[in-house]
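One-letter residues, chain by chain:
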Amino acid sequence: MDRPSINPLLIRKSLTPYLALILSLATTTGINFAQSLRDDADRRRILIGAAVNPALFGEAPYASTLAREFNMVEPENEMKWGRIRPSQDRFNFGPGDEVVAFAQAHKMKVRGHCLLWSEHNPAWLSKGSFTPEQLSKLLREHIATVMKHYSGEVFAWDVVNEAFLANGTIEPSIWYDSPGIGFAGKGTAYIEQAFRWARAADPKALLFYNDYDTEGLNAKSDAVYAMVKDFRKRGVPIDGVGIQAHIFNIDMKEISSLAANLARLTALGLQVHITEMDVALPLDTTGALLDQSGLTRQADVYRVIATACLQQTGCTAFQTWGFTDKYSWIPGYTKGAKGKALLFDELYAPKPAYNALREVLERER
Ligand code: XIL
């Protein structure tokens, strides 16, 4: 006897409307199928990033956690002058290219960091006794070469990093005044020049000014605000401000004024990215937490900063400086006094700060 044949394609087709219905019911009733920070961020259309070291991509839990939880990466060191330009006539793009390849394989965005900074420069440059004319030529060529290499791959660049002192004055540096690129004593003019070169090098890339201790309202964030307001008024090409958010001392009053700072920056039509967040906790001499309750306070800080970001449509990315406590710059930088600053512990288990971020992304409107 002939039996009617079953066509699997037809079955799939006939089920599709039901699946769509179930999914839309889930969305309207607030049922959440998100499995990761990345799912939450995709749904909220915000970028959630981490600074990365491509030398660790071979460590399976490092790579899988990164790809599962984040939709953006930024090389922690590999695109800085000291790494990307080991000698005047040689560029080393290999490690930066690995970051781009990882990101492309996992459909993540890449933020570039950074084109001009007083630190992390190779000795041939910082001890090179160049004239302002020579330095100006070097910087212009550097910005053009690096940005063109990564054009279409790096969507946003920290063009200038950490140019201000805490009191809001410009920090002395080889680029500004020692000897500088030709604008010594002229305030932000050298920064403006770098942004103009950057726009010319890759007109599609978003251009950011990035700094630390600029979360709340203070002399330094006032100086950054005054600069970018002036840039916007005069048509100097700039698209956003990066707020690093390295929190070493938890001062909730200061941190809470981030919302007002974000409001004034985004009112200029600029985007803001939280670029390097970590919350350093005190450690004992064995490297253990001095006080377990630190993890809850740490989660609170992540919650407050992420909430402020999500409440401003112009705050388009939230990034942490690394993602596992196994690899974080904090213990080295503080000579072992502080650490455990990130979202995942040394074994890649999520911490209270991770749960706090997920809650914010799932609830905050
Ligand atoms: C740090 C890296 O995390 C370290 O590995 C490196 O030794 C020094 O630089 N502000 C920045 C980052 O803009 O580039 C710094 O990164 C941390 C502070």
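These numbers come from a predicted model, not from an experiment.

Student: Any details on the packing of helix α8 (residues 189-201) against helix α9 (residues 219-234)? Residues and values, ideally.
Tutor: It is at 12 Å that the axes of α8 and α9 come closest, and there the two elements cross at 50°. Classified by the interaxial angle, the pair formed by α8 and α9 is oblique. Crossing of α8 over α9 shows right-handed handedness. Note on element contacts: α9 touches α8 through Met227, Phe231 and Arg234, opposite Ile191, Glu192, Phe195 and Arg196. Along the lines of polarity and charge, the residues of the contact of α8 with α9 split into 4 nonpolar, no polar and 3 charged.

Student: Run through the site of the ligand, naming residues and quoting values.
Tutor: Close contacts around the ligand come from 13 residues, with Glu76, Lys80, His113, Glu276 and Trp321 the closest. Between the ligand and the protein, one listed contact pairs an oxygen atom with a side-chain N or O atom of Glu76 at 2.4 Å. Taking Asn77, its side chain carries an N or O atom lying 2.9 Å from an oxygen atom of the ligand. Considered on its own, the ligand offers 410 Å² of accessible surface; in the complex 78% of this is hidden by protein. Cavity membership is defined here by more than half of the atoms lying within 2 Å of grid points; on that basis the ligand lies in the largest pocket.

Student: How would you explain the nonpolar core if you had to name every residue and give the values?
Tutor: Leu66, Phe70, Trp157, Trp175, Phe195 and Ile305 are the most contacted members of the largest nonpolar core, which has 100 residues in total. Here this core takes 8 residues from helix α12 (residues 294-310), the largest share from any one element. The residues touching Trp175, leaving out its near neighbours within four places in the chain, are Trp81, Leu116, Trp117, Ser118, Asn121, Leu125, Leu135, Leu139, Gly180, Ile181 and Tyr190. Core analysis: the second largest hydrophobic core is formed by 6 residues, Met72, Ala156, Phe208 and Ala317 among them.

Student: Quick one: what's the story with the packing of aromatic side chains, residue by residue and with numbers?
Tutor: Enumeration over the complete set of coordinates arrives at 20 aromatic pairs. Between Phe57 and Phe102, the ring centres sit 4.3 Å apart and the planes meet at 20°, which makes this aromatic pair stacked. Taken together, the positions of Phe57 in the loop between β1 (47-52) and α3 (60-69) and Phe102 in helix α5 (residues 94-105) put the pair 45 residues apart, joining distant regions of the chain. As far as the burial class goes, Phe57 and Phe102 line up, both buried. Aromatic pair Trp81 and Trp175: ring centres 5.4 Å apart, planes at 40°, arrangement tilted. You can see Trp81 sitting in helix α4 (residues 81-84) and its partner Trp175 sitting in the loop between β4 (154-161) and α8, a full 94 residues away along the chain. Overall, the relative accessible area of 0% leaves Trp175 in the buried class. In this structure an aromatic cluster arises from ring pairing among Phe57, Tyr62, Phe70, Phe102, Phe323, Tyr327, Phe344, Tyr348 and Tyr354. The positively charged end of Lys109 is found above the aromatic ring belonging to Phe155, 4.8 Å away from the centroid.

Student: Residues and numbers for the state of the cysteines, please.
Tutor: With the rule as written, the count across this model stands at 1 disulfide. With its sulfur 2.1 Å from that of its partner, Cys309 forms a disulfide with Cys315. Around the S-S axis, the bridge from Cys309 to Cys315 shows a dihedral of about -95° and counts as left-handed.

Student: Could you give me a rundown of the confidence of the model for the chain, with the residues and numbers involved?
Tutor: In this model, the chain carries an average pLDDT of 93, and 91% of its residues clear a pLDDT of 70 or more. pLDDT under 50 marks residues 1-6. Its contacts with residues more than four places away, or in other chains, come to 1 contact. Here residues 8-12 is a poorly scored stretch, pLDDT under 50, and it has 1 contact once near neighbours within four places are set aside; other chains count.

Student: Can you tell me about the layout of surface pockets, naming the residues and giving the values?
Tutor: Empty space among the atoms becomes apparent when a probe as large as a water molecule is rolled across them. Taken as a whole, the largest pocket holds about 410 Å³ of empty space. Of the residues assigned to the lining of the largest pocket, the class counts are 8 nonpolar, 5 polar and 7 charged.

Student: Got a sec to walk through empty space enclosed by the protein? Specific residues and values, please.
Tutor: Applying the stated criterion across every chain, the model contains 2 cavities of 30 Å³ or more. In this structure, the largest cavity is lined by Ile46, Leu47, Ile48, Ala306, Cys309, Leu310, Phe318, Leu357 and Leu361. At the level of secondary structure, the elements contributing two or more residues to the lining of the largest cavity comprise β1, α12 and α14 (352-363). The element best represented in the lining of the largest cavity is α12, accounting for 3 residues. For the lining of the largest cavity, a count of residues per class yields 9 nonpolar, no polar and no charged. The computed volume of the second largest cavity comes to approximately 40 Å³. Lining the second largest cavity are Leu116, Trp117, Ser118, Val160, Asn161, Glu162, Ala163, Glu171, Ser173 and Tyr190. For the lining of the second largest cavity, the per-class residue count stands at 5 nonpolar, 3 polar and 2 charged.

Thresholds applied
Residues numbered from 1 in each chain as written. Predicted model: local features only at pLDDT ≥ 70, side-chain atom pairs only at ≥ 80, totals over all residues. Heavy atoms only, no water. Axes fitted to C-alpha atoms, helices over the stretch in contact; angles between N-to-C directions. Helix = DSSP H or I, 4+ residues; strand = E, 2+ residues; numbered from the N terminus. Parallel < 35°, antiparallel > 145°, perpendicular 65-115°, else oblique. Left-handed = near helix turned anticlockwise from the far one by under 90°. Contact = heavy atoms within 4.5 Å. Nonpolar A, V, L, I, M, F, W, Y, C, P; charged D, E, K, R; others polar. Near = heavy atom within 4 Å. Polar contact = N/O pair within 3.5 Å; in protein donor to acceptor, adjacent residues only side chain to side chain. Areas by Shrake-Rupley, 256 points an atom, 1.4 Å probe, with all protein chains shown as cover. 1 Å grid on protein atoms, 1.4 Å probe; cavity = no way out; pocket = protein on both sides within 12 Å on 5 of 7 lines; lining within 4 Å. Sits in = over half its atoms within 2 Å of the grid points. Core = buried A, V, L, I, M, F, W, Y, C linked by side-chain atoms within 4.5 Å. Buried < 20%, exposed > 50% of the residue type's maximum accessible area, 1.4 Å probe, protein only. Phe/Tyr/Trp six-rings, centres within 6.5 Å; stacked < 30°, edge-to-face > 60°. Lys NZ or Arg CZ within 6 Å of the ring centre and 35° of its normal. Disulfide = S-S within 2.5 Å. pLDDT = per-residue confidence, 0-100. Points joined across faces, edges and corners; volume = space filled by probe spheres on them.

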